[in-house]
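Spelled out from the first residue to the last, the chains are:
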Amino acid sequence: MAPKLTLHALQKMKAEGIPIAVLTCYDASFASLLEEAGVDILLVGDSLGMVIQGGHSTLGVSMEDMIYHTRCVSSASSRAFIVSDLPFGSYQENREKAFANAAKLMASGAHMVKIEGGFAMTDTTNFLSSRGIPVCAHIGLTPQSVHSLGGYRVQGRDEGNALRILEEARALQDAGASMIVLEAIPGELAGKITASLSIPTIGIGAGKNCSGQVLVLYDLLGIYPGKAARFVRNYMDGASSIQDAVRHYVEDVRRGAFPGPEHTF
Ligand code: KIV
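Attention in this report is confined to the structure presented alongside it. (Residues numbered from 1 in each chain as written. Predicted model: local features only at pLDDT ≥ 70, side-chain atom pairs only at ≥ 80, totals over all residues. Heavy atoms only, no water.)

1. Focus on the site of the ligand
Right, on to step 1. Taken together, T24, L43, G45, D46, S47, D85, K114, H138, E183, I204 and V216 make up all the residues around the ligand.
Right, on to step 2. Within the side chain of D46, an N or O atom sits 3.1 Å from an oxygen atom of the ligand.
Right, on to step 3. The side chain of K114 places a nitrogen or oxygen atom 2.7 Å from an oxygen atom of the ligand.
Right, on to step 4. Isolated, the ligand exposes 260 Å² of accessible area, and the fraction of that covered by the protein chains is 95%.
Right, on to step 5. For the shell around the ligand, the residue count by class is three nonpolar, four polar and four charged. (Near = heavy atom within 4 Å. Polar contact = N/O pair within 3.5 Å; in protein donor to acceptor, adjacent residues only side chain to side chain. Areas by Shrake-Rupley, 256 points an atom, 1.4 Å probe, with all protein chains shown as cover. Nonpolar A, V, L, I, M, F, W, Y, C, P; charged D, E, K, R; others polar.)

Put into structure tokens, the structure is as follows:
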């Protein structure tokens with residue numbers, strides 16, 4: 001089903017400075033709850049490998065998993081824009097394989113696919129976007145590369161790496177990306193990237209100067225075991241219901257109250 005919130009509408013929100021509220025979502029019940037609470041984008045993230053499947057990383061998630069969860073979310077959604085992750089190993093090999101797998105997610109109800117990586121993904125981004133598949137890039141901390149990165153670490157802290165991330169963002173926009181997730185980078189760098197791009201940036205651990213914010217739903221609900229990352233806020237604290245917590249998050253994103261300095265690197 002076509003979303004009521006189109007890519008065009010999201011681009012307009014960026015142009016008009018209206019922050020975009022994004023949450024991960026993996027099933028039909030939460031899809032309708034999050035939509036009713038005003039969430040703009042439902043991200044069927046491969047974080048489901050950790051919060052749903054109990055894996056230690058996102059690396060074990062399959063195409064079948066992503067197709068299944070994209071269908072679950074799409075079946076209950078009528079307003080939100082749905083972005084689905086291409087899982088590890090489904091797109092890195094070559095652009096033709098990336099297209100074939102992206103097409104499966106689009107056929108399952110996604111309106112856009114997300115792929116992790118910088119310069120190495122410009123060709124694939126161009127191939128998909130020029131063939132009718134909107135692409136959301138994802139740079140900074142890219143969880144599918146956790147073992148190459150040496151853990152879930154903040155990226156772009158030094159000048160050289162910050163410049164590389166900025167240049168990757170520009171190259172991905174030039175290649176045809178329509179949106180870009182910035183994960184775990186200094187707030188100042190995210191602000192610079194957002195100002196230099198025309199496409200929306202969606203931050204997670206990237207400070208408030210992005211076009212929108214995303215959190216993993218279970219982090220927002222405070223039900224993920226273990227120590228929460230610095231950029232997480234548990235919106236169930238003081239909330240009367242899950243709906244109330246999600247509404248509070250959407251309001252905070254809209255008025256620039258989340259993330260605060262305490263959530264920012
Ligand atoms: O899979 C996911 O949930 C994500 C977000 C962390 C941006 O990619």
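After presenting the structure, the write-up continues.
2. Thoughts on the layout of surface pockets
Right, on to step 1. Estimated volume of the largest pocket: approximately 810 Å³.
Right, on to step 2. Taken together, 36 residues make up the lining of the largest pocket; nearest its centre are E183, V216, D219, A229 and F231.
Right, on to step 3. Roughly 270 Å³ of internal volume is contained in the second largest pocket.
Right, on to step 4. Together, 18 residues line the second largest pocket, and G117, G118, G140, T142 and S145 are the ones closest to its centre.
Right, on to step 5. Of all the secondary-structure elements, those providing two or more residues to the lining of the second largest pocket are β5 (135-140) and α8 (159-175).
Right, on to step 6. Top element by residues in the lining of the second largest pocket is α8. It accounts for three residues.
Right, on to step 7. Tallied by class, the residues present in the lining of the second largest pocket amount to seven nonpolar, eight polar and three charged. (1 Å grid on protein atoms, 1.4 Å probe; cavity = no way out; pocket = protein on both sides within 12 Å on 5 of 7 lines; lining within 4 Å. Points joined across faces, edges and corners; volume = space filled by probe spheres on them. Helix = DSSP H or I, 4+ residues; strand = E, 2+ residues; numbered from the N terminus.)

3. A look at the nonpolar core
Right, on to step 1. Formed by 84 residues in total, the largest nonpolar core has its most connected members in L23, L34, I180, L182, I193, V246 and Y249.
Right, on to step 2. For L23, the residues in contact, after removing those within four places along its chain, are L34, V39, I41, L42, L43, V214, L215, L217, L220, V246 and Y249. (Core = buried A, V, L, I, M, F, W, Y, C linked by side-chain atoms within 4.5 Å. Buried < 20%, exposed > 50% of the residue type's maximum accessible area, 1.4 Å probe, protein only. Contact = heavy atoms within 4.5 Å.)

4. With respect to the sheet that holds strand β1 (residues 20-24)
Right, on to step 1. The sheet built from eight strands closes into a barrel, its strands ordered β1-β2-β3-β4-β5-β6-β7-β8 with parallel pairing. For this sheet the average axis-to-axis angle between neighbouring strands, irrespective of direction, equals 25°. (Pairing = 2+ DSSP bridges. Axes fitted to C-alpha atoms, helices over the stretch in contact; angles between N-to-C directions.)

5. Comments concerning empty space enclosed by the protein
Take a probe with the size of a water molecule and roll it over the atoms, and the empty space left behind shows itself.
Right, on to step 1. Tallying each qualifying case throughout the model produces three cavities of 30 Å³ or more.
Right, on to step 2. In this structure, the largest cavity is lined by V22, I41, L43, V83, K114, C136, M179, V181, I202 and V214.
Right, on to step 3. Mapped by element, the contributors of at least two residues to the lining of the largest cavity are β2 (41-44) and β6 (179-183).
Right, on to step 4. Looking at the lining of the largest cavity residue by residue, the classes come out as nine nonpolar, no polar and one charged.
Right, on to step 5. Of the voids in this model, the second largest cavity is the one considered here, and its volume is about 40 Å³.
Right, on to step 6. Lining the second largest cavity, in full, are G203, I204, G205, A206, G207, Q213, V214, L215, F231, F258, P259 and H263.
Right, on to step 7. Listed by contribution, the elements that provide at least two residues to the lining of the second largest cavity are β7 (201-204) and β8 (212-215).
Right, on to step 8. Grouping the amino acids of the lining of the second largest cavity by side-chain chemistry returns seven nonpolar, five polar and no charged.

6. Re the pattern of salt bridges
Right, on to step 1. Under the defined criterion, the tally for this structure stands at ten salt bridges.
Right, on to step 2. The partner of E16 in a salt bridge is K12, with the nearest N and O atoms 3.5 Å apart. With E16 and K12 both in helix α1 (residues 7-16) and four residues apart, the pair spans about one turn of that helix.
Right, on to step 3. Assessed through its relative accessible area of 48%, E16 is described here as partly exposed.
Right, on to step 4. A residue is classified by how much of its surface remains accessible, and K12, at 46% relative accessible area, is partly exposed.
Right, on to step 5. Where R79 meets D40, a salt bridge forms, and the shortest distance between an N and an O atom there is 3.8 Å. A residue pair is termed long-range when its members are at least 10 positions apart, and R79 in the loop between α4 (63-75) and β3 (81-85) and D40 in the loop between α2 (28-36) and β2 qualify at 39 residues.
Right, on to step 6. Under the relative-accessibility criterion, D40 is labelled buried at 2%. (Salt bridge = Lys/Arg side-chain N within 4 Å of Asp/Glu carboxyl O.)

Read these as geometric descriptors, not functional statements.
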